[in-house]
Structures are given as structure tokens and as C-alpha cells.
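Close look at the chain arrangement
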Amino acid sequence: MAASLLLRSNPAEAARRADLLLQRAPGHAQVSLLLALACLRSSDGPRAVAVLEALAAQQPDSAVTRLELGKAYLACGRNADALLAFEHAVELDERLAEGWKQLSAQLDAAGRTVDSDRAYARYYELLPNSAALIDARVALAENRLLAAESVLTRRLEVAPDD
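All figures in this text were calculated on a predicted structure; none of them were measured in a lab.

Turning our attention to helix α7 (residues 97-109). End to end, α7 covers 19 Å across 13 residues, agreeing with the expected 18 Å (1.5 Å per residue, within 8%). Taken together, the buried residues of α7 touch α5 (63-75), α6 (79-92) and α8 (113-126).

With that out of the way, let us pick up the environment of L33. You can see L33 is positioned in helix α3 (residues 29-41). C-alpha separation for the pair L33 and V151, spaced 118 residues apart in sequence, amounts to 35 Å. In this structure, L33 is in contact with L52, L55, V64 and E68, ignoring residues within four places of it in sequence.

Working note: α-helix, 3.6 residues per turn, so residues spaced by three or four point in the same direction. For α8, built from 14 residues, the straight-helix expectation of 20 Å at 1.5 Å per residue is met to within 8% by its first-to-last C-alpha distance of 20 Å. At its buried positions, α8 is contacted by α7.

If you check the backbone angles, S43 has positive phi at about 65° while not being a glycine. According to the relative accessible area criterion, S43 is exposed, its value standing at 69%. If you check the backbone angles, N143 has positive phi at about 60° while not being a glycine. Mapped onto the secondary structure, N143 falls in the loop between α9 (131-141) and α10 (145-158).

Conventions adopted
- Residues numbered from 1 in each chain as written.
- Predicted model: local features only at pLDDT ≥ 70, side-chain atom pairs only at ≥ 80, totals over all residues.
- Heavy atoms only, no water.
- Helix = DSSP H or I, 4+ residues; strand = E, 2+ residues; numbered from the N terminus.
- Expected span 1.5 Å × (residues − 1).
- Contact = heavy atoms within 4.5 Å.
- Buried < 20%, exposed > 50% of the residue type's maximum accessible area, 1.4 Å probe, protein only.

Rendered as C-alpha cells:
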């Protein structure tokens, strides 16, 4: 919890601390992932890629590592590599919703609209059916736009990544 708060509030400090920890425990997977995420949030995509490529070699079956590697590739403008990383992530874990979302976006950017739509449909299937989202859907279907907006605004305050 403290690490994620530091990562959000001060990614450069999170990276510095992760570096110190890795000096004591080289190759520690969780600390390496924290370092890579801190590098991404600090706009150091190349370093994030290097850390995540090493981590992916260490943990070839980690869908989360592949997902984050895809994001790092995107940060470096390596879209083709990102697409492959996202494909690999969802192959490793078909229930990785964020992987399907990222894959959909990259397929769309590559002009593969049908594949993108399929990936997005899989992402949508994996989304939790929170009561707030169901309420907003019903309000939209009934053309109660202000009610839908109010429900969604409250939901985004609680879960900004939805």
C-alpha cells in the first residue's frame, strides 16, 4: 500500500527506493516491477523497457509483466512490440481485462478493426457488472441523461479508471 501511494505521489522517489532495494536483493521480481512502473510514471520509458524485458526473461509466464512491458513499449513509440506484448499477455491470462483493452487499442491503431472489436468485446465481457454501471446503462436506455451522468460522475470519483 505504501509503495503504491509513493508510486502515485512521487514516482522518482519510488524508483530511487526500488534501486536501493535491488542493490540488496538483485533480481527481486516485485521490486523490479515497482521500479519499472516508477520509471514509466517518471517518463523514463527506455529504462522501464530494460527492467521489464529482464523481468519477462526471469518470469516468462507472467501476464502482468507482459502487460506492463507493452505499456513501456508504447511509451517508447514501439507500437509493433507493444502489440505483440499485449497479445502475449492475454495468451498467458485470458481473464486479464486490461490486456484485452490495450490489445484492442493497438489493433485499432494497426488498422485491424475487426480484431480490435473482438478484443474490445472480450474486455467488455470481463468488466465487473457494478450496480452503478448497470444503473447508468438503464438510465441511458430510458433517455434519462442527467441521471446517467450523475451516476457515472459518482462512480468515476470512486473508481477513476472505469
